[in-house]
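The residues making up each chain are set out below.
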Amino acid sequence: MTNTLFTPVTLGKLQLKNRIVMSPMTRSRAIGNVPNALMEKYYSDRADAGLIITEGTSPSPNGLGYARIPGMFSDEQVKGWKRVNDAVHAKGGRIFIQLMHTGRVSHPANMAADARILAPSAIAAPGEMWTDSSGMQSHPSPTAMGEADIRATIAEYAYASKRAIEAGFDGVELHGANGYMIDQFLNTATNQRTDQWGGNIENRIRFAVEVAKATATAIGADRVGMRISPYGAFNGAVPDPKMDAMYLRLIEELNNIGLLYIHVVDHSSMGAPEVSPELKQQIRANFKGKYILSGGYDATRANADLEAQRGDLVAFGRPFIANPDLVQKLQDGTALAAPDPATFYTPGEKGYTDY
Ligand SMILES: Cc1cc2nc3c(=O)[nH]c(=O)nc-3n(C[C@H](O)[C@H](O)[C@H](O)COP(=O)(O)O)c2cc1C
């Protein structure tokens, strides 16, 4: 087995100590949507990763669809995240924030009274979600965004990116995957608009491109990456016959902006359809920035894929939950502890900082 995974890599202006990325994972410990001391411990315990990508964090009150997820727009949130970032940096770690606007994947019980549930089209997300006040609830039908809503939402990503840099983050990952706001524009199941924001490929990628442009203008393209999930099935996303072409066109636009990295989710290890090796290879061949592989990796497969030049870095999700010392364990070949799914999203330290 080769050991490329444990070798340093350059990411924009950053030198990462290894190619191991901690995947973005929602953990719902941010009481009041503000990062706290418990989160500071959780992230700094994992600072051996070459790069940490935080849990999905909302750029605005409208994007706070889940219970207890953090935001990145208020002074209090800047202060809370600064503590997290200082602790990670003190241990020599690097950390990006994942900006996740939940869009239609939301419920009023999880949101501030004046927040709005917005989406490209007024189509409710399938299934139910947890609310702390009323248990499991169906998703309501979202309000279809008007032109002003779309412009305002794009501006929210740019504003949140600036605040993220103010809070000490090394960069921003735009969550374009898993059926949240950006993906709601990309996907035909959630975007049935007939204006310049929906319909053909050019129109459906427009929101993702405009968000990337606005964010890059705000903080520099060399600090912005994007996560995408072609053929993902989460939150009601569906495949369509032009999906490969759409992602390749998106990649072209992200190249023009000079985006730092593309982070491609393959959730076949979690039951989603596999992303075809051909599409991954085409994205790899065409994208000019770094490529982060993710989904169901162990050290052997990670090293093999790095060796085969399928990507530059490899993200690990679930293995990091129960193994704060994952990097050391992967290096030593030590057996990994198994995470407990029952505590993935529950408040408090149990199943969070006690592994
Ligand atoms: C508890 C949990 C929360 C997650 N939250 C997010 C999230 O906020 N943003 C995101 O892009 N992916 C999220 N994911 C997906 C992971 O980033 C990752 O893609 C997935 O777990 C597959 O990688 P793995 O096989 O290494 O775990 C989450 C996964 C888990 C298990």
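Higher on the page you've got the structure.
Residues numbered from 1 in each chain as written. Predicted model: local features only at pLDDT ≥ 70, side-chain atom pairs only at ≥ 80, totals over all residues. Heavy atoms only, no water.

**Considerations on unusual backbone geometry**
Stage number 1. Positive phi, normally seen in glycine, also occurs at Ser28, with a value near 55°.
Stage number 2. Along the polypeptide, Ser28 turns up in the loop between β3 (20–22) and α1 (37–44).
Stage number 3. Taking the relative accessible area as the measure of exposure, Ser28 reaches 5% and is therefore buried.
Stage number 4. Here Asn178, not a glycine, exhibits a phi torsion of approximately 60°, which is positive.
Stage number 5. Mapped onto the elements, Asn178 comes out in the loop between β10 (171–176) and α4 (181–186).
Stage number 6. We classify Asn178 as buried; its relative accessible area is 10%. (Helix = DSSP H or I, 4+ residues; strand = E, 2+ residues; numbered from the N terminus. Buried < 20%, exposed > 50% of the residue type's maximum accessible area, 1.4 Å probe, protein only.)

**Quick look at the environment of Ser28**
Stage number 1. A sequence separation of 323 residues divides Ser28 from Gly351, and the C-alpha atoms of the two residues are 12 Å apart.
Stage number 2. The contact partners of Ser28, leaving out residues within four places of it in the chain, are Glu55, Ala67, Arg68, Ile69, Tyr345 and Pro347.
Stage number 3. At a separation of 3.3 Å, a polar atom in the side chain of Ser28 contacts the main-chain carbonyl oxygen of Ala67. (Contact = heavy atoms within 4.5 Å. Polar contact = N/O pair within 3.5 Å; in protein donor to acceptor, adjacent residues only side chain to side chain.)

**Examining the pairing of strand β12 (residues 261–265)**
Stage number 1. Judged by how many residues are buried, β12 sits mostly within the fold: five of five residues are covered.
Stage number 2. Taken together, strand β11 (residues 224–228), helix α7 (residues 243–257) and β12 constitute a β-α-β crossover, and its handedness is right-handed. (Right-handed = clockwise from strand over helix to strand, strands pointing away.)

**Description of the side chain of Asn33**
Stage number 1. Tracing the backbone through its elements, the reader meets Asn33 in the loop between β3 and α1.
Stage number 2. Overall, Asn33 belongs to the buried group, its relative accessible area being 17%.
Stage number 3. A polar contact is formed between the side chain of Asn33 and the backbone oxygen of Ile69, at a distance of 2.7 Å.
Stage number 4. Those residues in contact with Asn33 that sit more than four places away from it in its chain are Leu64, Arg68, Ile69, Pro70, Gly71 and Gln77.

**As for the pairing of strand β8 (residues 135–138)**
Stage number 1. When strand β7 (residues 128–131) meets β8, the two strands line up antiparallel, connected through four bridges. By the bridge assignment for β8, Met129 is matched with Gln137.
Stage number 2. With antiparallel pairing between neighbouring strands as the criterion, β7 and β8 make up a hairpin whose turn holds three residues. (Pairing = 2+ DSSP bridges.)

**Some details on the pattern of salt bridges**
A side chain of one charge can pair with a side chain of the opposite charge if their charged atoms are brought near each other.
Stage number 1. Taken as a whole and judged by the stated rule, the model has 21 salt bridges.
Stage number 2. With a shortest N-O distance of 2.8 Å, Asp75 and Arg163 are connected by a salt bridge. Of the two residues, Asp75 is situated in helix α2 (residues 75–90) and Arg163 in helix α3 (residues 147–166); the sequence distance between them amounts to 88 residues.
Stage number 3. Residue class for Arg163 comes out buried when judged on its relative accessible area of 10%.
Stage number 4. Glu147 serves as the salt-bridge partner of Arg151, at 3.4 Å between the closest nitrogen and oxygen. Note that Arg151 and Glu147 are positioned in helix α3 at a spacing of four residues, about one turn of the helix.
Stage number 5. For Arg151, a relative accessible area of 42% gives the class partly exposed. (Salt bridge = Lys/Arg side-chain N within 4 Å of Asp/Glu carboxyl O.)

**Overview of the site of the ligand**
Stage number 1. Inspection of the region around the ligand gives 20 residues, with Pro24, Thr26, Arg227, Gly296 and Arg318 positioned closest.
Stage number 2. Contact between the ligand and Pro24: an oxygen atom at 2.7 Å from a main-chain N or O atom of the residue.
Stage number 3. A distance of 2.8 Å is found between an oxygen atom of the ligand and a side-chain nitrogen or oxygen belonging to His267.
Stage number 4. Coverage of the ligand by the protein amounts to 95% of the 610 Å² it exposes when considered alone.
Stage number 5. For the shell around the ligand, the per-class residue count stands at seven nonpolar, 11 polar and two charged. (Near = heavy atom within 4 Å. Areas by Shrake-Rupley, 256 points an atom, 1.4 Å probe, with all protein chains shown as cover. Nonpolar A, V, L, I, M, F, W, Y, C, P; charged D, E, K, R; others polar.)

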